[in-house]
Amino acid sequence: QVQLVESGGGLVQTGGSLRLSCAASGRTFSSYAMVWFRQAPGKEREFVARINWSGGTTYYADSVKGRFTISRDNAKNTVYLQMNSLKPEDTAVYYCAVGLIGATRPRDIGYWGQGTQVTVSS
């Protein structure tokens with residue numbers, strides 16, 4: 001059974017930084033991508049960043065490019081999302097997910113974490 005456990009969310013001021021972690025277990029992920037999505041109140045879940053478990057190729061939404069960095073630690077089966085220069089519009093619940101190579105849509109995802117709240121105050 002796949003388990004994804006996020007941590008690292010919290011409250012931060014505009015311009016601040018947070019690092020989210022996602023510990024994955026339950027299967028081999030080498031053929032998949034690890035993906036971060038977010039969902040703000042009243043809005044649809046949106047793609048944030050993706051990293052292929054094998055090879056480490058990354059891809060970002062335009063809204064976070066240059067501010068967020070996704071990375072992975074194969075030995076720990078953990079994916080990270082380093083978020084810098086945070087803005088109030090980054091406020092959302094952030095979800096870690098396992099999906100297809102190239103995933104950018106919720107329907108490309110097979111497994112979801114429980115989510116972690118990120119709040120950026122102005």
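Residues numbered from 1 in each chain as written. Predicted model: local features only at pLDDT ≥ 70, side-chain atom pairs only at ≥ 80, totals over all residues. Heavy atoms only, no water.

Here we come to the packing of aromatic side chains. On inspection of all chains with the given rule, the structure shows five aromatic pairs. Residues Phe-37 and Phe-47 carry aromatic rings whose centres are separated by 6.1 Å and whose planes lie at 80° to one another, so their mutual orientation is edge-to-face. Taken together, the positions of Phe-37 in strand E4 (residues 33–39) and Phe-47 in strand E5 (residues 46–52) put the pair 10 residues apart, joining distant regions of the chain. With relative accessibility at 0%, the residue Phe-37 sits in the buried group. One aromatic cluster is present, formed by Phe-37, Phe-47, Tyr-59, Tyr-95 and Trp-112 through successive ring pairs. Taking NZ or CZ as reference, Arg-45 lies 3.7 Å from the ring centre of Tyr-95, over its face. Its end group placed over the ring of Trp-112, Arg-45 keeps NZ or CZ at 4.5 Å from the ring centre. (Phe/Tyr/Trp six-rings, centres within 6.5 Å; stacked < 30°, edge-to-face > 60°. Helix = DSSP H or I, 4+ residues; strand = E, 2+ residues; numbered from the N terminus. Buried < 20%, exposed > 50% of the residue type's maximum accessible area, 1.4 Å probe, protein only. Lys NZ or Arg CZ within 6 Å of the ring centre and 35° of its normal.)

Here we come to the pairing of E5. Regular strands show a simple pattern: their side chains alternate between the two faces of the sheet. With six of seven residues buried, E5 lies mostly within the body of the structure. Adjacent in sequence and paired antiparallel, E4 and E5 are bridged by six residues, among which Gly-42 carries a positive phi angle near 80°. In the sheet, E5 pairs with strand E6 (residues 58–60) via three bridges, with the strands oriented antiparallel. The residue bridging Arg-50 from the neighbouring strand is Tyr-59, located in E6. (Pairing = 2+ DSSP bridges.)

That is the geometry; function is a separate question.
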